[in-house]
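# Summary of structural features
Chain by chain, the residues run as shown.
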Amino acid sequence: MPTPSTPLPDLNGIAIATDAITQNLSIWGLFMSADPVVKLIMIGLLVASFWSWTIIFNKAIRIKTLFSSASQFEDSFWSGGSLDVLFERIGNRPRDPMSAVFAAAMREWKRMGTNARSSITLQERIERAMQVTMNREMDKLERHMGFLASLGSTATFVGLFGTIWGIMNTFRAIAAAQNTSLAVVAPGIGEALIATAVGLVAAIPAVIAYQKIALELNRYANRLDSFASEFGTIISRQLEESH
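Let us look at the structure shown here. (Residues numbered from 1 in each chain as written. Predicted model: local features only at pLDDT ≥ 70, side-chain atom pairs only at ≥ 80, totals over all residues. Heavy atoms only, no water.)

## Focus: unusual backbone geometry
- Of note in the backbone geometry, His144 takes a positive phi value of approximately 75° without being a glycine.
- Take His144: it is sitting in the loop between helix H6 (119-141) and helix H7 (145-177).
- Note on His144: relative accessible area 39%, which makes it partly exposed. (Helix = DSSP H or I, 4+ residues; strand = E, 2+ residues; numbered from the N terminus. Buried < 20%, exposed > 50% of the residue type's maximum accessible area, 1.4 Å probe, protein only.)

Rendered as structure tokens:
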């Protein structure tokens, strides 16, 4: 039992201090009390993460549409119908890369068919037209993939820089206050750790999505290449028969 001469602890003061520390250690509190450099890093990482998710959803929908369109086109191509009729239906605005490769080959065939000096020359021109079209279409599909790769490889280090900066601020606060209490140390450590967390939140989905999307685009590129090879064989056979 405390004696009458022993001062009683200020329970209200302890409760207020505890509430203040808890409030400062909330996510929003840590962000608002963060150093401007750390705050700028967290905002930049959050914006980059939002943009990466936009790219991820865009690519996922686009890839699903690509494979569906490729299947529909292959069904029409191998149905045994006239290639001229299929070309007229596709027109000058193919809706997917496989149709674009087919249209480029047919366009070159019709343009050079009567003027070509030999079947070999015509076949080389058609194959070159298909290759150029494939490269152009794959370049379009791979747009913004570099951003995902860069974010996945650098976001963690950017967050780590924010962590180091926050710890440095903590040491300066300790030196200035000459006090190592939780109220002095916690905010700086907290903002340092949340900068690392934001970096991981930005980096991990970008890395996983990049690997998955790159794998699917590689599968689609192989499918395009197989179609171009098969179509080139058909063209070669018809040119041989016509000569």
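After presenting the structure, the write-up continues.
## Brief notes about the pattern of salt bridges
- A full pass over the atoms with the stated rule returns four salt bridges.
- Linking Arg223 and Glu74 is a salt bridge whose minimum nitrogen-to-oxygen distance equals 2.8 Å. Residue Arg223 is found in helix H8 (residues 182-242), and its partner Glu74 is found in helix H3 (residues 36-77); the two are separated by 149 residues along the sequence.
- By relative accessible area, Glu74 is classed as buried at 19%.
- Measuring nitrogen to oxygen at the nearest pair gives 2.8 Å for the salt bridge that ties Glu216 to Arg219. On the criterion of helical spacing, the pair formed by Glu216 and Arg219 is a turn pair, its members being three residues apart in helix H8.
- Judged by relative accessible area, Arg219 falls into the partly exposed class, the value being 44%. (Salt bridge = Lys/Arg side-chain N within 4 Å of Asp/Glu carboxyl O.)

## Section: the packing of aromatic side chains
- Counted by the stated rule, this structure contains twelve aromatic pairs.
- Look at Trp53 and Phe57: their rings are 5.7 Å apart centre to centre, the planes differ by 35°, and that puts the pair in the tilted class. With Trp53 and Phe57 both in helix H3, this residue pair falls four residues apart, about one helical turn.
- Here Phe57 falls in the exposed class, since its relative accessible area comes to 54%.
- Aromatic pair Phe77 and Phe102: ring centres 5.9 Å apart, planes at 80°, arrangement edge-to-face. Pair noted here: Phe77 is in helix H3 and Phe102 is in helix H5 (residues 97-112), with a separation of 25 residues, a long-range link.
- By relative accessible area, Phe77 is classed as buried at 5%.
- The buried category is assigned to Phe102, whose relative accessible area is 0%.
- An aromatic cluster is defined as three or more aromatic residues linked by ring pairs; in this entry it consists of Phe73, Phe77, Trp78, Phe102, Phe227 and Phe231. (Phe/Tyr/Trp six-rings, centres within 6.5 Å; stacked < 30°, edge-to-face > 60°.)

## What about helix H4 (residues 83-90)?
- Those residues of H4 that fall on the buried side of the exposure criterion are Leu83, Leu86, Phe87 and Ile90. Around the axis of H4, the buried residues are gathered within 100° of arc, so they sit on the same side. Facing away from the buried side of H4 by more than 90 degrees, the exposed set consists of Val85, Glu88 and Arg89.
- For H4, the N-terminal cap is Ser82; the gap from its side-chain oxygen to the backbone nitrogen of Asp84 is 3.2 Å. (Arc of directions from axis to C-beta. Polar contact = N/O pair within 3.5 Å; in protein donor to acceptor, adjacent residues only side chain to side chain.)

## As for the side chain of Lys59
- Of note, Lys59 is situated in helix H3.
- Here Lys59 occupies a buried position and makes no salt bridge, while the nearest side chain of opposite charge, Glu142, is found at 8.5 Å.
- When residues no more than four places from it in sequence are discounted, the contact partners of Lys59 are Lys140, Leu141, Glu142, Arg143, Met145 and Ile213. (Lys, Arg positive; Asp, Glu negative; His and termini not counted. Contact = heavy atoms within 4.5 Å.)

## With respect to the nonpolar core
- Counting 51 residues, the largest nonpolar core has Phe73, Phe77, Phe102, Tyr220, Phe227 and Phe231 as its most contacted members.
- For this core, the secondary structure elements donating two or more residues are H3, H4, H5, H6, H7 and H8.
- The element that contributes the greatest number of residues to this core is H8, accounting for 17 residues. (Core = buried A, V, L, I, M, F, W, Y, C linked by side-chain atoms within 4.5 Å.)

## Concerning the environment of Gly199
- Relative to the helices and strands, Gly199 resides in helix H8.
- Assessed through its relative accessible area of 0%, Gly199 is described here as buried.
- With 153 residues separating them along the chain, Gly199 and Leu46 place their C-alpha atoms 8.4 Å apart.
- Excluding its chain neighbours within four sequence positions, the residues that come into contact with Gly199 are Leu45, Ala155, Thr156 and Gly159.

## Looking at the packing of H3 against H4
- Contact geometry of H3 with H4 gives a least axis separation of 10 Å together with a crossing angle of 145°. Residues Phe73, Ser76 and Phe77 of H3 touch H4, and the partners they reach there are Leu83, Leu86, Arg89 and Ile90.
- Residue classes in the contact of H3 with H4 are distributed as five nonpolar, one polar and one charged. (Axes fitted to C-alpha atoms, helices over the stretch in contact; angles between N-to-C directions. Nonpolar A, V, L, I, M, F, W, Y, C, P; charged D, E, K, R; others polar.)

By themselves, these figures tell us nothing about what the structure is for.
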